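# What the coordinates show
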Amino acid sequence: AGGGIIIIGGSPVISDSTVGRNSAPYGSGGGIYMVDANPIIRNSYIVDNRAGTFGGGIDSIRSKPRIINCTIAGNAADLGVGGIHNVTTSGSPVVVNSIIWSNGAAAISGLSWSFITYSCVESGCWGEGDISQNPNLCIDYRLGSNSPCIDTGTSSNAPPADIDGEPRTNQVDMGADEFRDTDSDGMGDAWELQFFGDLSHDGTADGDGDGLNDLEEYLAGTDPNTPDTDGDGLSDVDLNAELAFHI
């Protein structure tokens, strides 16, 4: 059990991290596996993990984690419950300002809806402020400019900045990414600064000549300065998966 992180007891803090592409092929908790623990998990991506049994993203056993402004997406579990699997008789994980999406047939199991608030949960959740609309995530799990998760979180106990270090305002987004687009070009400021060093691009240029303009590169999660981001010998535009939103 525990493909990425194993927590046995204690109250550790996991912050501003990506727990991704891990596997627990014969057990549970592909991303994070915890027993008798009370961790705080905040401002983090828990994505693309896989478990052989339950809890592709997180398996929580007799634990009470606090999950704040996290994006839990693209995980899978062979026996179901690809998002968060909880087994306890003494409480429930607390989930706030988070996105649980595209984790297979079942997003969550064993969690009390009343402890999941201001979050986007696939298949629905009825805690305060929850939504079940498609979050319109980019391929790299950043928020798209039309995401319903923008400005729909709560500022109460939210981290002061997102995983990129961008400040969260009184209108907090759900998930690890706070979408800030000061020049209104559809591309997040942090992404533009990462790849271009400034905000001068308007999204229409195709600087690497791969057939994708900068806005399409943002949505696809590819490098706008490299025509073959994943080094597979194909131009970024040839990969259909790099042109689609997660659904």
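What this report covers is the structure whose coordinates are included nearby. (Residues numbered from 1 in each chain as written. Predicted model: local features only at pLDDT ≥ 70, side-chain atom pairs only at ≥ 80, totals over all residues. Heavy atoms only, no water.)

## So, the layout of surface pockets
Quick reminder of the rule: With a 1 Å grid spanning the protein atoms alone, the term cavity applies to any set of points in which a 1.4 Å probe fits but cannot get out, the term pocket to an open set with protein on both sides within 12 Å along at least five of seven lines, and the term lining residue to any residue with an atom within 4 Å of a point. Grid points are joined across faces, edges and corners, and a volume is the space filled by probe spheres set on the points. Strands are runs of DSSP state E lasting at least 2 residues, helices are runs of H or I lasting at least 4, and numbering of each runs from the N terminus. Each residue is assigned to one class: nonpolar for Ala, Val, Leu, Ile, Met, Phe, Trp, Tyr, Cys and Pro, charged for Asp, Glu, Lys and Arg, and polar for all the others, Gly among them.
Roughly 540 Å³ of volume is contained in the largest pocket. If you trace the largest pocket, you find 22 residues lining it, with Arg 21, Ile 139, Asp 140, Tyr 141 and Gly 221 closest to the centre. Elements with a contribution of two residues or more to the lining of the largest pocket: β3 (18-20), β7 (45-47) and α1 (189-195). At three residues, the largest contribution of residues to the lining of the largest pocket is made by α1. For the lining of the largest pocket, the class distribution of residues is nine nonpolar, six polar and seven charged.

## Brief notes about the environment of Gly 29
Using the following cut-off: When accessible area is computed with a 1.4 Å probe and restricted to protein chains, residues below 20% of their type maximum are described as buried, those above 50% as exposed, and intermediate ones as partly exposed. Whether two residues are in contact is decided by their heavy atoms, any of which lying within 4.5 Å being enough.
Inspection of the secondary structure assignment puts Gly 29 in the loop between β4 (23-24) and β5 (32-35). Note on Gly 29: relative accessible area 0%, which makes it buried. Taking the C-alpha atoms as reference points, Gly 29 and Asn 225, separated by 196 residues in sequence, lie 36 Å from one another. Setting aside its immediate chain neighbours within four residues, Gly 29 contacts Gly 2, Gly 3, Ala 24, Ala 51, Phe 54, Gly 55, Gly 56 and Asp 59.

## Brief notes about the sheet that holds strand β17 (residues 116-117)
We apply this condition: Two strands pair under a simple rule: DSSP has to find at least two bridges between them.
Read across the open sheet, the five strands follow the order β2-β6-β10-β14-β17; overall the sheet is parallel. The open sheet has two edge strands, β2 (13-15) and β17, and neither has a second partner. Here strand β14 (residues 94-96) pairs with β17 via two bridges, running parallel. What sits directly across from Val 95, in β17, is Ile 116.

## Focus on the pattern of salt bridges
Counted only if it meets this: Whenever Lys or Arg places a side-chain nitrogen within 4 Å of a carboxyl oxygen from Asp or Glu, that contact is recorded as a salt bridge.
Applying the stated criterion across every chain yields a total of five salt bridges. Asp 164 serves as the salt-bridge partner of Arg 142, at 3.0 Å between the closest nitrogen and oxygen. With Arg 142 in the loop between β18 (120-121) and α1 and Asp 164 in the loop between β18 and α1, this residue pair connects regions lying 22 residues apart in the sequence. By relative accessible area, Arg 142 is classed as buried at 9%. The structure contains a network of salt bridges with shared partners spanning Asp 140, Arg 142 and Asp 164.

## Structural notes on empty space enclosed by the protein
Per the stated rule, a full pass over the model turns up one cavity of 30 Å³ or more. Each pocket or cavity is described by its volume, and for the largest cavity that value is around 40 Å³. What lines the largest cavity is simply Arg 142, Glu 166, Asp 177, Glu 178, Phe 179, Arg 180, Gly 188, Asp 189, Ala 190, Trp 191 and Tyr 218. When residues of the lining of the largest cavity are assigned to their parent elements, the largest contribution, three residues, is made by α1. For the lining of the largest cavity, the per-class residue count stands at four nonpolar, one polar and six charged.

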